[in-house]
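The lines below spell out each chain.
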Amino acid sequence: MPVGPPMGGLGGYELTTRTVTPEETPLLFTDGLVERRGEDIDVSLARLAGLRLPVGAGVQQSLDQVLLSLDAVHAEDDVAVLAARIRPRPDHEPHGADRPEGRRGRRLARSRVRPTW
């Protein structure tokens with residue numbers, strides 16, 4: 001993934017798209033997870049990138065391992081980590097707007113939104 005300025009900075013981001021499989025767990029994290037006084041941030045990032053989480057680990061187990069391995073309890077800054085997992089849907093289950101509740105929601109939205117032109 002390309003490296004850019006911190007979120008909330010002044011742009012300079014390169015758009016990247018990556019396919020994520022159900023076996024992968026993407027992590028988003030704040031700098032507090034990897035910044036340590038007196039340590040180059042590249043060392044901390046390499047420590048995070050080198051983690052090998054147990055195969056089949058759940059999201060909570062993965063988060064626990066990351067926080068433990070990077071000693072987040074003793075971080076000098078706030079730490080936030082978001083882990084996401086894709087869950088495959090059974091083929092017979094309707095998706096999103098095709099579900100009955102999605103159709104009702106569209107009808108309700110149409111009934112309440114009136115053009116003003």
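Before reading further, recall that the structure is shown in the block above.
Since the structure is predicted, the reported quantities are computational estimates derived from the model, not experimental observations.

**What to know about the overall build of the protein**
And step 1. For the protein, the count of helices and strands is three helices and two strands.
And step 2. Only carbon and sulfur atoms are counted for the fraction: they give 57% of the accessible area of the protein, which is about 9,600 Å².

**What to know about the side chain of S62**
And step 1. Tracing the chain through its elements places S62 in helix α2 (residues 59–69).
And step 2. Using a relative accessible area of 2% as the deciding quantity, one classes S62 as buried.

**Digging into unusual backbone geometry**
And step 1. One non-glycine residue, D71, adopts positive backbone phi at about 50°.
And step 2. Tracing the backbone through its elements, the reader meets D71 in the loop between α2 and β2 (81–83).

**Topic: α2**
At 3.6 residues per turn, the α-helix brings residues three or four places apart onto the same side.
And step 1. Buried within α2 are the following residues: S62, L63 and V66. Each buried residue of α2 sits inside an arc of 100° when the element is viewed along its axis, so together they form one side. Counted as exposed and oriented over 90 degrees from the buried face of α2: Q60 and L68.
And step 2. In this fold, the buried residues of α2 make contact with β1 (27–29), α1 (41–49) and β2.
And step 3. Positioned one or two residues after α2, D71 has a phi angle of 50°, which is positive.

**Quick look at a nonpolar patch on the surface**
And step 1. Taken together, the side chains of F29, I41 and L45 make up a nonpolar region of the molecular surface, amounting to roughly 220 Å² of accessible area.
And step 2. Under the relative-accessibility criterion, F29 is labelled partly exposed at 34%.

**Focus: the pattern of salt bridges**
And step 1. As enumerated under the stated definition, the model contains three salt bridges in all.
And step 2. Linking E24 and R18 is a salt bridge whose minimum nitrogen-to-oxygen distance equals 3.1 Å.
And step 3. Taking the relative accessible area as the measure of exposure, E24 reaches 26% and is therefore partly exposed.
And step 4. Of the charged contacts in the structure, one is a salt bridge between R47 and E39, with a shortest N-O distance of 2.7 Å.
And step 5. Note on R47: relative accessible area 34%, which makes it partly exposed.
And step 6. Looking at E39, the relative accessible area reads 26%, which means it is partly exposed.

Here is what the cut-offs are and how they apply
Residues numbered from 1 in each chain as written. Predicted model: local features only at pLDDT ≥ 70, side-chain atom pairs only at ≥ 80, totals over all residues. Heavy atoms only, no water. Helix = DSSP H or I, 4+ residues; strand = E, 2+ residues; numbered from the N terminus. Areas by Shrake-Rupley, 256 points an atom, 1.4 Å probe, with all protein chains shown as cover. Buried < 20%, exposed > 50% of the residue type's maximum accessible area, 1.4 Å probe, protein only. Arc of directions from axis to C-beta. Contact = heavy atoms within 4.5 Å. Patch = residues over 30% accessible without salt bridge, like charges linked within 9 Å, V, L, I, M, F, W, Y side chains within 5 Å. Salt bridge = Lys/Arg side-chain N within 4 Å of Asp/Glu carboxyl O.

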